[in-house]
Amino acid sequence: MDLATQPRVLMAAERQSRASPMLIGGGLIIVVLVTVAVLAPWLAPYDPRDPLSGAPLERPSAAHLLGTNDSGQDIASQLIWGSRTSLLIAVEAATAVVIVGGLIGMVTGLVGGWVDSVMMRLVDVVLALPGLPTILLLAALLGPGQHTVVAVLGLFGWPMLARIVRSQTLTLRQRGFVVSARGFGGAPLYLVRRHLVPALGPALVTGFVSVAGVAILVEAGLAFLGLADPTVVSWGAVLNRALSYPGLYYSQLWTWWVLPAGLAITFAVMGFTFVGVSLEPSFNPRAEASR
Amino acid sequence: MTSLLDVQDLRVSYGDVAALRGVSLSLGRGECLAVAGESGSGKSTLAMSLAGLVRPPQASGRILLHGEDILRVTSERLQALRWSTVAVALQSAAFNPVATVGAQIAEPLRVRAGLSGRQAKKRAGELAVDVLLEPALLDRHPHQLSGGERRRALLAMALSLEPELVVLDEPTAGLDPATGRALMDHVRQLAQERGFALLLMSHDLVDVARLAERILLLYAGEIMEAGAADLVAGEPAHPYTWALVNAQPVMSSTKDLRPIRGLPPDPRAVPSGCPYHPRCTQAEDICRDQRPRLLQSRNRQVLCHFGGLKTLLSASDVEKSFSRRGHRVRALRGVSLVVREGESVGIIGPSGSGKSTLARILTGHLAPDTGEVVLEGSTVSASWRRQPRMTRRRIQLIMQDPWDALSPRLGVADLVSEPWVIEGNSSDDERRTQLAELLQSVGLPSEGGFLQARTDQLSGGQLQRVALARALAADPKLLVADEPTSMLDASEQARMLVVLRDRQVEMGLGLVLISHDIAVVRKVTDRIIVLEAGLVVEEGPANLVSTSPRSPTAQRLVAEAPTLSTGLVASS
């Protein structure tokens, strides 16, 4: 009865997104990253794999903005093309996590009962596994390759999202419009499609962005450790190569070979994290799921 | 004991009009039986057959009076029986316009009983007193009497030879209710004193239920229901009896009148199978294809394939507890209830009495701890399997808070069409037409921007009507409405209740109305269940619970209900 008198207008006002500096900054980074990745063939002056772009270990110049590596490949071109790898893996892994984690979270929250108990125990088990060591182990076992990274991230990324989505679904399923749709004979997947996905949209987007950030970091890490496909151009691979060069720190070589790659990774992760963190309040269960 | 009158499988047809189609009844000495039915049901034909005015070949079957078949005796014998053994006062009986009424009453006394003229005249005067007719009126001619006076004169004539059976066709037609009632009470008393049997034909089921021991209800020349009067009129079993009682304005009911859907049957083309099936809300294919037989059901005889009104919903011993901060709260403690075809049941109780919990359990949105809810033979459960999901469609819940019940992300058209979308077997065009009809029926605009409007653009009243429309879109057999009119103005509330009543008439929709406002509930429901702290503390007909509540809970709710005080206050 109190619900009836409660002014609904307030809620609408609350929904207006607050464009924080964090969101703008993070968004800008992502936009730049996507632009670079899309325009890589036109932006990159050289083929990143071509060892004959220049002489080995050239200093930065007009021809080679960030110099060349020990086999004469253009580092700037490698970073530009590397953004593609990073983004692609980020998007694939995030998509996998959102679909798997979102679906499991929604269905278990909705259906409840033994399905819920079993799935939540599974979530506990996966979350209890020590993350990085297991990822490394799996990557080593499954062999190098981009799909390994996506699979590994998908495998470890879904439980966290499933848990968040489930807890919000538990609230949502008490809502009248979900109860009504159930009363009209709606099956679980109908409710997911028609009512839960729209209502959980912000949570799913935030989940997507957060996973994407983590995916970039993990991909770089694996490549850095040499567990990625060596033929693929990526930021991690650049670092791996640089750090395995014996004389790296004897000169200023690291300032154009290591630093730009590290900064690229840092900024990309930061961009996704900023967006993720600033989106979070807008789907805060207290503010959003009650509407 | 052999019965006085024994009618066996009486069939009468006039050409292609079948007036009686197999009527059997028996009547003992001194008994009072009422034959009720709308005009055209065959009452008058039955009376005429008993008077020997309808004979073979029009009539077949047997009419045994003391074991003697009236349909087959000679006309002389019939003459002898008439008036002295069986007296029939027909509705259309005509007096001789040129003789005084007194002379006409005295005539059989002279001719048949052999009284002298003076004795006959004296006796006629006594008879006039018996039937509450001013003796002075006997000297008048028929056209000088009012209709009611002629009726009473006819009755005096019927009683003149002290017959064993008196058949009265519409005895109180044309009389004001008070006179009619006094007359019938008097006749009933005479019957008891003098030991003659009474057979009353009337269109007024409720009126004759007061007088007769047994009632027999005719429809299209067939007996629909027969049994003890208070049982048949008080707790009708046949859908027709139920509908007839609901259409009758009576002081003992506070509910609005409900018409019977459809039209009475054309006697030239009586429907196949059960004659009532085109108007019956619970009819199935079998009702059209097969003639039902008059069978014993619920302590009376009922002509129905299903033994009378179906039970739509039955909940038995429903218990539910919640744990709140460590300790258990028993929300429902063994609640049972039954809702029949077309019936409205009100559930009232103070806040926190378990009303809404019960609503959610009845509609399968919450599983009870123990107990069972059965809808049309299938268990209602909260399961996700296909069968329970389809069962849930048949019992719709209208929730208290329409803002919560309607998704803020969908427009009106999508909201109301949702049940059809889920069902998934109608085309977009069909849905558009259905949608327009449905919205109109609940008094909402059916075109233009309204169809796309979202919940934050609508008023509370509009939202509740949208919620009602979409519940009806699922084509439910039963509606559980939890305070459905809480947001509405009185006029809007009345309109919504009328929509619900129409659905009950047309579809036999069962209704469970949950409210704390007994004033609203008693206008809509047949029975009221009073809930207090999860227990049923009172259950009874709506008028009884609302006028003379027994439980303290109901008494309090009645005391709190709005009342207009006029008249008494103004005059004092």
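Our structure's up above, just so we're on the same page.
Here, residues in each chain are numbered from 1, in the same order as that chain's written sequence. Labels are handed out in written order, letters beginning with A for the chains and numbers beginning with 1 for the ligands. Only residues with pLDDT of at least 70 are given local features in this predicted model, and only at 80 or more are side-chain atom pairs given and counted; all residues enter the totals for whole chains, interfaces and linings. Note that the side-chain values use all heavy atoms of the structure and ignore hydrogens as well as water.

**So, the packing of aromatic side chains**
Two rings from Phe, Tyr or Trp (for Trp, the six-membered ring) form a pair when their centres sit within 6.5 Å of each other. Planes less than 30 degrees apart are called stacked, planes more than 60 degrees apart edge-to-face, and all others tilted. In total, this model carries four aromatic pairs over all chains according to the counting rule given. Note on Y245(A) and W257(A): the rings are 5.8 Å apart at their centroids and 50 degrees apart in plane angle, and the pair reads as tilted. Of this pair, Y245(A) sits in the loop between α11 (235–243) and α12 (253–257) while W257(A) sits in helix α12, and the two are twelve residues apart along the sequence. An aromatic cluster is present here, built from Y219(B), Y240(B) and Y276(B) joined pairwise through their rings. Here, over-ring charges are defined by two tests on the NZ atom of lysine or the CZ atom of arginine: distance to the ring centre within 6 Å, and angle to the ring normal within 35 degrees. Residue placement shows R182(A) over the ring face of W384(B); its charged tip is 4.5 Å from the ring centre. Here the basic side chain of K310(B) rests over the ring of F306(B), its NZ or CZ set 4.3 Å away from the ring centre. Each helix corresponds to a stretch of at least 4 residues labelled H or I by DSSP, and each strand to a stretch of at least 2 residues labelled E; elements are numbered beginning at the N terminus.

**Quick word on the sheet that holds strand β2 (residues 17–27) of chain B**
Residues and elements named next belong to chain B. Within the open sheet, the four strands sit side by side as β2-β1-β4-β5. Their pairing is antiparallel. Each end of this open sheet is capped by a strand with a single partner; those strands are β2 and β5 (68–69). Between any two strands, pairing holds if DSSP finds at least two bridges. When strand β1 (residues 5–14) meets β2, the two strands line up antiparallel, connected through eight bridges. Residue pairing for β2: L10 is matched across the bridge by V23. The contact criterion used throughout is that any non-hydrogen atoms of two residues lie within 4.5 Å. What counts as an axis is a line fitted to C-alpha atoms, over the stretch in contact for a helix, and the angles between N-to-C directions run from 0 to 180 degrees. Sitting on the sheet, helix α1 (residues 43–50) touches β1, β2 and β4 (59–65), and the angle it makes with β1 is about 115 degrees.

**Structural notes on the sheet that holds strand β14 (residues 327–340) of chain B**
Residue and element names in this part refer to chain B. As summarised here, the arrangement of the four strands in space is β14-β13-β16-β17, forming an open sheet in which the pairing is antiparallel. The two strands at the open ends of the sheet, each matched to only one other strand, are β14 and β17 (378–379). Here eleven bridges tie strand β13 (residues 311–324) to β14, and the two strands are oriented antiparallel to one another. Opposite S321, over in β14, you have R330 as the bridge partner. Seen against the sheet, helix α11 (residues 355–362) touches β13, β14 and β16 (370–375) and runs at an angle of roughly 60 degrees to β14.

**Examining the interface of chain A and chain B**
Taken together, the contacts link 28 residues of chain A with 31 residues of chain B. The term buried area refers to how much accessible surface (probe radius 1.4 Å) is lost by two components on association, counted for both of them together. Interface area lost by chain A to chain B is led by R182(A), F184(A) and R194(A), which between them contribute 29%. Whenever Lys or Arg places a side-chain nitrogen within 4 Å of a carboxyl oxygen from Asp or Glu, that contact is recorded as a salt bridge. At the boundary of chain A with chain B, the tally comes to one salt bridge. Linking D404(B) and R175(A) is a salt bridge whose minimum nitrogen-to-oxygen distance equals 2.6 Å. N or O atoms closer than or at 3.5 Å make up a polar contact, with two conditions inside protein: a donor-capable atom paired with an acceptor-capable one, and, for residues adjacent in sequence, both atoms drawn from side chains. The tally of links from chain A across to chain B stands at nine residue pairs in polar contact (both at pLDDT 80 or more). Elements supplying a minimum of two residues to the side of chain A that touches chain B: α1 (2–5), α5 (75–111), α9 (176–183) and α10 (188–224) of chain A.

Nothing here speaks to function; it is all geometry.
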